[in-house]
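Here are the chains, one letter per residue:
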Amino acid sequence: MAKIGIAGASGYTGLELLRLLVNHPEAEIGFLTSETYPGESISKVFPSLSGFIDTKLSSIKSVSSNICDILFLALPHTTSMEKVPYFLKGHTKVIDLSADYRLKDPAIFKKWYSLPHKQTAILKEAVYGLPEIHREKIKSARLVANPGCYPTSITLALAPIVTEKWVDLSSIIIDSKSGISGAGRKGSLATQFSEVNEGISAYNIAAHRHTPEIEQELSALAKTNVQVSFSPHLVPITRGMLSTVYINLKHNLSTVKLVEHFKNFYKGEPFIRILPLGEYANSHFTVSSNFCDIGVQVDERNQRAIITSAIDNLIKGASGQAIQNMNLMLGISETTGLNFPGIFP
Ligand SMILES: NC(=O)c1ccc[n+]([C@@H]2O[C@H](COP(=O)([O-])OP(=O)(O)OC[C@H]3O[C@@H](n4cnc5c(N)ncnc54)[C@H](OP(=O)(O)O)[C@@H]3O)[C@@H](O)[C@H]2O)c1
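Bear in mind the structure is a predicted one, so any value in this text is a computation, not a measurement. (Residues numbered from 1 in each chain as written. Predicted model: local features only at pLDDT ≥ 70, side-chain atom pairs only at ≥ 80, totals over all residues. Heavy atoms only, no water.)

1. Some remarks on the overall build of the protein
Counting its secondary structure elements, the protein contains 11 helices and 14 strands. The C-alpha radius of gyration computed for the protein amounts to 20 Å, which stays within 12% of the reference 20 Å derived for 345 residues, consistent with globular compactness. For the protein, the exposed surface amounts to about 14,900 Å²; the carbon and sulfur share of it is 53%. Placing the 33 positive and 30 negative side-chain charges of the protein at their respective mean positions leaves the two points 4 Å apart. (Helix = DSSP H or I, 4+ residues; strand = E, 2+ residues; numbered from the N terminus. Rg over C-alpha atoms; globule rule 2.2 N^0.38 Å. Areas by Shrake-Rupley, 256 points an atom, 1.4 Å probe, with all protein chains shown as cover. Lys, Arg positive; Asp, Glu negative; His and termini not counted. Charge placed at Lys NZ, Arg CZ, Asp CG, Glu CD.)

See the structure below:
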């Protein structure tokens with residue numbers, strides 16, 4: 001049984017980790033942190049956990065470094081950066097849900113996050129936690145940088161074809177839509193009910209911080225520099241994410257062949273479902289699950305592949321994927337505690 005700590009247990013991804021871990025057969029929750037509710041029981045903060053866990057929250061400052069086997073850091077970016085070295089000193093393995101250890105190049109981190117990376121030595125050993133691409137490295141990692149939600153849905157949609165000579169890598173356009181929980185629990189004007197309800201808005205076009213993460217992973221797969229145009233949108237749903245990705249083909253290909261190609265690429269992957277011919281990803285059917293549904297279509301008139309990809313931003317896009325990584329690091333079945341369908345309606 002692995003001893004688990006969650007820093008940031010009072011946030012959305014922290015709560016989702018708890019919801020999934022309370023029934024995990026190989027995980028025993030040790031400590032939980034919150035700076036707003038120290039001393040409070042977690043089931044008081046989140047009554048949905050009543051009867052399952054009533055561990056008291058403590059400040060992260062009071063937690064000693066060797067207290068657990070696996071530590072999830074569900075903290076805002078820049079906060080994780082300084083916590084990781086302290087916990088890595090002991091035998092603890094760390095899964096960081098923030099963006100702090102995802103970008104390999106500190107200069108790119110500085111450009112997009114407007115501050116220098118302060119832990120460049122540790123950054124070198126961080127493994128990007130997308131199991132479908134980096135499974136073997138994750139198994140022996142001490143530090144896993146859990147991917148962002150947009151990069152998860154987008155990289156999984158493009159991984160099967162950016163390696164192929166028959167696509168034009170300079171033509172990638174990505175349109176993504178996210179539920180509001182993607183912004184975390186801490187409120188802001190932009191995420192207030194009256195600001196988001198009944199409306200759809202684009203934001204951070206060509207400037208979203210997940211862009212370099214997407215480009216890093218696609219470039220590594222393609223073995224050449226890949227740049228994308230990325231347009232994220234907020235939609236008035238609590239959770240769920242849909243990405244529609246466009247890429248030009250160098251010669252025409254049938255949809256049947258492309259679907260077959262995707263099915264072969266993801267053969268045996270427990271959490272990837274390639275949809276049958278003519279079906280497109282729908283966030284309804286991945287919400288509350290760790291699945292990524294991918295729909296494949298060729299627009300033959302325009303010689304373009306159009307890939308749709310749906311995930312739950314809080315599960316495959318964050319806490320479920322983090323548990324998938326934990327399972328790999330513990331050497332147990334990757335699907336442990338995650339093998340359940342989504343909730344619809
Ligand atoms: N939401 C998503 O869909 C999603 C998806 C992928 C990745 N992520 C990433 O996952 C991380 C957590 O996201 P979230 O949505 O769970 O955010 P959240 O709901 O805002 O929760 C943040 C947590 O961090 C704690 N915290 C805040 N400032 C802190 C500090 N200075 N020291 C220690 N603890 C602090 C908060 O607790 P107190 O306020 O009680 O201190 C809270 O528990 C972020 O880096 C986010 O980018 C989120």
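Right, picking up where we left off after that structure.
2. A look at the site of the ligand
Around the ligand, the structure places 27 residues, and the nearest of them are Ser-10, Thr-13, Ser-34, Leu-75 and Arg-185. At a separation of 3.0 Å, an oxygen atom of the ligand approaches a polar backbone atom of Gly-11. In this structure, a nitrogen atom belonging to the ligand sits 3.0 Å away from a main-chain N or O atom of Ser-181. Across the complex, the protein chains shield 79% of the 900 Å² of accessible surface that the ligand would expose by itself. Elements that contribute at least two residues to the shell around the ligand include exactly α1 (12-21) and α11 (315-330). By residue class, the composition of the shell around the ligand is nine nonpolar, 14 polar and four charged. Two domains each put at least three residues into the shell around the ligand: domain 1 (2-125) and domain 2 (150-313). (Near = heavy atom within 4 Å. Polar contact = N/O pair within 3.5 Å; in protein donor to acceptor, adjacent residues only side chain to side chain. Nonpolar A, V, L, I, M, F, W, Y, C, P; charged D, E, K, R; others polar. Domains from an automatic or database assignment.)

3. With respect to the layout of surface pockets
Of the voids in this model, the second largest pocket is the one considered here, and its volume is about 380 Å³. Tyr-12, Ile-180, Ser-181, Thr-238 and Arg-239 are, among the 20 residues lining the second largest pocket, the residues nearest its centre. Taken together, the elements giving at least two residues each to the lining of the second largest pocket come down to α1 and α8 (193-196). Structurally, the lining of the second largest pocket is a two-domain feature, drawing no fewer than three residues from each of domain 1 (2-125) and domain 2 (150-313). (1 Å grid on protein atoms, 1.4 Å probe; cavity = no way out; pocket = protein on both sides within 12 Å on 5 of 7 lines; lining within 4 Å. Points joined across faces, edges and corners; volume = space filled by probe spheres on them.)

4. Some words on the side chain of His-117
Examined against the element boundaries, His-117 turns out to sit in the loop between α4 (106-113) and α5 (120-125). Exposure remark for His-117: the relative accessible area of 9% places this residue in the buried category. Reaching out from His-117, the side chain makes a polar contact with the backbone nitrogen of Gln-119 at a distance of 3.1 Å. Apart from residues no more than four positions distant in its own chain, His-117 is found in contact with Met-81, Asp-100, Tyr-101, Pro-106, Phe-109 and Leu-123. (Buried < 20%, exposed > 50% of the residue type's maximum accessible area, 1.4 Å probe, protein only. Contact = heavy atoms within 4.5 Å.)

5. Concerning the side chain of Gln-324
Inspection of the secondary structure assignment puts Gln-324 in helix α11. In this structure the side chain of Gln-324 is engaged in a polar contact, spanning 3.1 Å, whose partner is the side chain of Asn-290. Beyond its immediate chain neighbours, meaning those up to four positions away, Gln-324 contacts Pro-131, Glu-132, Phe-271, Asn-290, Lys-316, Glu-334 and Leu-338.

6. Some details on the domain arrangement of the protein
When cut into domains, the protein gives domain 1 (2-125) and domain 2 (150-313). Facing the 14 residues of domain 1 at the interface are 12 residues of domain 2. Contact with domain 2 buries surface across domain 1, with Tyr-12, Arg-102 and Trp-112 losing the most and accounting together for 51% of the total. Summed over the shared surface of domain 1 and domain 2, the result is two salt bridges. Across the salt bridge formed by Glu-213 and Arg-102, the nearest N and O atoms sit 3.0 Å from each other. Contributions of two or more residues to the side of domain 1 that touches domain 2 are made by α1 and α4. Looking at the side of domain 1 that touches domain 2, its residues break down into eight nonpolar, two polar and four charged. (Buried area = accessible area lost by both parts, 1.4 Å probe. Salt bridge = Lys/Arg side-chain N within 4 Å of Asp/Glu carboxyl O.)

7. So, the packing of aromatic side chains
Evaluated as defined, the whole model comprises six aromatic pairs. A cation over a ring is seen here: Arg-273 above Phe-291, with NZ or CZ 4.0 Å from the ring centre. (Phe/Tyr/Trp six-rings, centres within 6.5 Å; stacked < 30°, edge-to-face > 60°. Lys NZ or Arg CZ within 6 Å of the ring centre and 35° of its normal.)

8. Side note on the pattern of salt bridges
Applying the stated rule across the entire model yields 13 salt bridges. A salt bridge links Arg-135 to Glu-334, with the nearest nitrogen and oxygen atoms 2.8 Å apart. Taken together, the positions of Arg-135 in helix α6 (residues 131-139) and Glu-334 in the segment after α11 put the pair 199 residues apart, joining distant regions of the chain. Between Asp-293 and Arg-273 there is a salt bridge, with the nearest N and O atoms lying 2.7 Å from each other. Residue Asp-293 is located in strand β13 (residues 292-299), and its partner Arg-273 is located in strand β12 (residues 272-274); the two are separated by 20 residues in the primary sequence.

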